[in-house]
Amino acid sequence: MPKISKKGMDMHPSPIRKLVPYADAAVNRGVKVFYLNIGQPDIETPKGARDAVKNNGLNVVAYSHSAGILSYRKKLAEYYNRVGVAITADDIIVTTGGSEGIMFAFNSCLDSGDEVIIPEPFYANYNGFAIASDVVVKPIVSSIETGFALPPIEEFEKVIGPKTKAIMICNPSNPTGYLYSKEELTALSKIVEKYDIFLFADEVYREFVYDGEEHFSVMQLKNIEQNTILLDSVSKRYSACGVRIGAFITKNEEVYNTAMKFAQARLSPPSYGQILGEAAVDTPQEYFDEVVKDYVARRNTVVQAINNMQGCFCPNPKGAFYAMARLPVDDSDKFCQWLLEEFDYNGKTVMLAPATGFYSTSGEGKNEVRKGKNEVRISYCLNVKDLKEAMECLAEGLKVYNR
Ligand SMILES: Cc1ncc(COP(=O)(O)O)c(C=O)c1O
């Protein structure tokens with residue numbers, strides 16, 4: 001039998017989805033499962049955006065320009081200028097989700113074996129994109145004690161070597177919810193400038209910023225314009241994960257032209273998705289005000305409940321819709337599986353994402369070091385009533401598990 005690739009063997013299954021069979025089995029037993037494991041918002045996609053797809057007059061659903069439909073890119077440029085990011089339609093490549101933008105960034109800027117430094121815990125799929133692009137992730141640890149603030153600049157400098165080509169951040173972060181400040185990003189820009197490396201910024205959660213804080217984009221850092229690539233998506237902004245539309249944005253012409261070659265190879269991003277994306281730019285501000293209000297209430301429910309549980313700690317995230325919690329458990333993978341397999345509280349249980357999947361592992365076999373063993377990620381994409389019940393289940397689950 002022919003052998004599969006090493007890359008294929010190295011790919012990890014999604015740490016978030018690996019518990020799905022246990023959740024399905026719980027549902028089949030009649031247990032109600034509160035899904036706090038994935039970032040699928042329950043918010044409605046704006047009506048105007050949905051109507052644009054319904055009412056479109058396309059008789060032939062053709063390929064679009066490889067960089068995306070011009071009218072959409074112009075509209076997107078309007079959106080970015082409104083949020084303080086001064087770009088034009090010519091700086092944008094519309095991608096098939098933010099995911100494809102990340103692949104374009106890795107493949108356009110890094111060769112096989114080159115390194116990208118990423119503060120961990122980080123979005124688990126960065127690992128998959130890195131393996132597919134034959135790029136090496138160099139993690140540096142951010143800690144729950146600081147709420148996952150940017151690690152000190154010296155920590156970045158310690159791992160910068162001849163193979164380092166880029167730093168990647170997610171702001172606000174999945175999985176931590178941490179919002180990097182202008183000061184932190186300015187400090188980061190200084191080392192990007194000093195070592196003349198790329199800075200990839202995944203800002204797909206830009207709209208989800210709380211407590212009167214403001215999002216500061218890496219595109220606003222003027223000293224590193226030629227080093228910066230912004231990766232974005234409509235998935236979370238408009239609760240439209242299924243339209244598969246994102247964006248790759250840079251002022252660096254050479255990088256842009258290189259990414260365009262990858263974009264041409266895959267022909268075009270989805271046409272219906274672009275129609276939805278273009279109309280979505282006109283979504284009224286009240287939609288976002290309402291969404292943010294909802295998420296603040298949800299976050300407060302989760303953070304307060306966890307901090308009231310004995311031996312637990314949950315920093316108060318300022319963005320995205322995730323919170324990382326430290327729980328008094330020996331092994332978060334085991335605990336999350338146990339919640340689904342063996343536990344219920346009045347016929348209900350909760351599905352969480354073990355944090356180990358958001359950290360890199362080091363060592364192998366018996367010597368494997370797994371970080372995040374007493375942490376879980378909680379996605380607060382459910383309504384407050386369900387979240388309250390879910391937190392009751394978790395509190396009870398911890399008591400029973402530790403008995
Ligand atoms: C941090 C982050 N980046 C990128 C993505 C990919 O988004 P999409 O490909 O749906 O645009 C996600 C999805 O959950 C994410 O959380």
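Residues numbered from 1 in each chain as written. Predicted model: local features only at pLDDT ≥ 70, side-chain atom pairs only at ≥ 80, totals over all residues. Heavy atoms only, no water.

### Description of the site of the ligand
1) Next: Surveying the vicinity of the ligand reveals 13 residues, the closest of which are Gly 98, Ser 99, Asp 202, Tyr 205 and Ser 233.
2) Next: Take Ser 99: an N or O atom from its side chain is 2.5 Å from an oxygen atom of the ligand.
3) Next: Asp 202 is positioned with one of its side-chain polar atoms (N or O) 2.6 Å from a nitrogen atom of the ligand.
4) Next: For the ligand, whose free accessible area comes to 400 Å², the fraction covered by protein is 92%.
5) Next: It is helix α5 (residues 97-109) that provides the largest number of residues to the shell around the ligand, a total of three residues.
6) Next: Its residues assigned to classes, the shell around the ligand comprises four nonpolar, six polar and three charged. (Near = heavy atom within 4 Å. Polar contact = N/O pair within 3.5 Å; in protein donor to acceptor, adjacent residues only side chain to side chain. Areas by Shrake-Rupley, 256 points an atom, 1.4 Å probe, with all protein chains shown as cover. Helix = DSSP H or I, 4+ residues; strand = E, 2+ residues; numbered from the N terminus. Nonpolar A, V, L, I, M, F, W, Y, C, P; charged D, E, K, R; others polar.)

### Regarding the packing of aromatic side chains
1) Next: A complete count under the given rule lists 22 aromatic pairs for this structure.
2) Next: Centre to centre, the rings of Phe 104 and Phe 248 are 6.4 Å apart; their planes meet at 65°, and the pair counts as edge-to-face. You can see Phe 104 sitting in helix α5 and its partner Phe 248 sitting in strand β8 (residues 246-250), a full 144 residues away along the chain. Here the two residues Phe 104 and Phe 248 agree in accessibility, since each one is buried.
3) Next: Members of the aromatic cluster, each reached through a chain of ring pairs, are Tyr 205, Phe 208, Tyr 295, Phe 321, Tyr 322 and Tyr 380.
4) Next: Its end group placed over the ring of Tyr 295, Arg 298 keeps NZ or CZ at 5.1 Å from the ring centre. (Phe/Tyr/Trp six-rings, centres within 6.5 Å; stacked < 30°, edge-to-face > 60°. Buried < 20%, exposed > 50% of the residue type's maximum accessible area, 1.4 Å probe, protein only. Lys NZ or Arg CZ within 6 Å of the ring centre and 35° of its normal.)

### Observations regarding the packing of helix α3 (residues 47-54) against helix α10 (residues 271-280)
1) Next: Packing of α3 against α10 leaves a shortest axis separation of 8 Å and a crossing angle of 140°. The angle between α3 and α10 falls in the class oblique. Crossing handedness for the pair α3 and α10: right-handed. When α3 is examined against α10, the residues Gly 48, Ala 49, Arg 50, Ala 52 and Val 53 are found in contact with a partner set consisting of Tyr 272, Ile 275, Leu 276, Ala 279 and Ala 280.
2) Next: When its residues are assigned to classes, the contact of α3 with α10 shows eight nonpolar, one polar and one charged. (Axes fitted to C-alpha atoms, helices over the stretch in contact; angles between N-to-C directions. Parallel < 35°, antiparallel > 145°, perpendicular 65-115°, else oblique. Left-handed = near helix turned anticlockwise from the far one by under 90°. Contact = heavy atoms within 4.5 Å.)

### A word on the domain arrangement of the protein
1) Next: Assigned domains of the protein: these are domain 1 (6-44 + 286-401) and domain 2 (47-280).
2) Next: Between the C-alpha centres of domain 1 and domain 2 there is a distance of 25 Å.
3) Next: Counting residues at the interface gives 38 residues for domain 1, matched by 34 residues for domain 2.
4) Next: Between domain 1 and domain 2 lies a buried interface of about 3,100 Å² when both sides are counted; carbon and sulfur atoms form 63% of it.
5) Next: Linking domain 1 with domain 2 are five salt bridges, by the criterion used here.
6) Next: For Glu 44, the salt bridge goes to Arg 50, with nearest N and O atoms at 3.2 Å.
7) Next: Remark: the boundary between domain 1 and domain 2 carries 16 residue pairs in polar contact (both at pLDDT 80 or more).
8) Next: Among the secondary structure elements, those contributing two or more residues to the side of domain 1 that touches domain 2 are α1 (6-10), α11 (285-307), β9 (322-326) and β14 (375-379).
9) Next: Per element, the largest residue contribution to the side of domain 1 that touches domain 2 is seven residues, and it comes from α11.
10) Next: Of the residues belonging to the side of domain 1 that touches domain 2, the class tally is 22 nonpolar, seven polar and nine charged. (Domains from an automatic or database assignment. Buried area = accessible area lost by both parts, 1.4 Å probe. Salt bridge = Lys/Arg side-chain N within 4 Å of Asp/Glu carboxyl O.)

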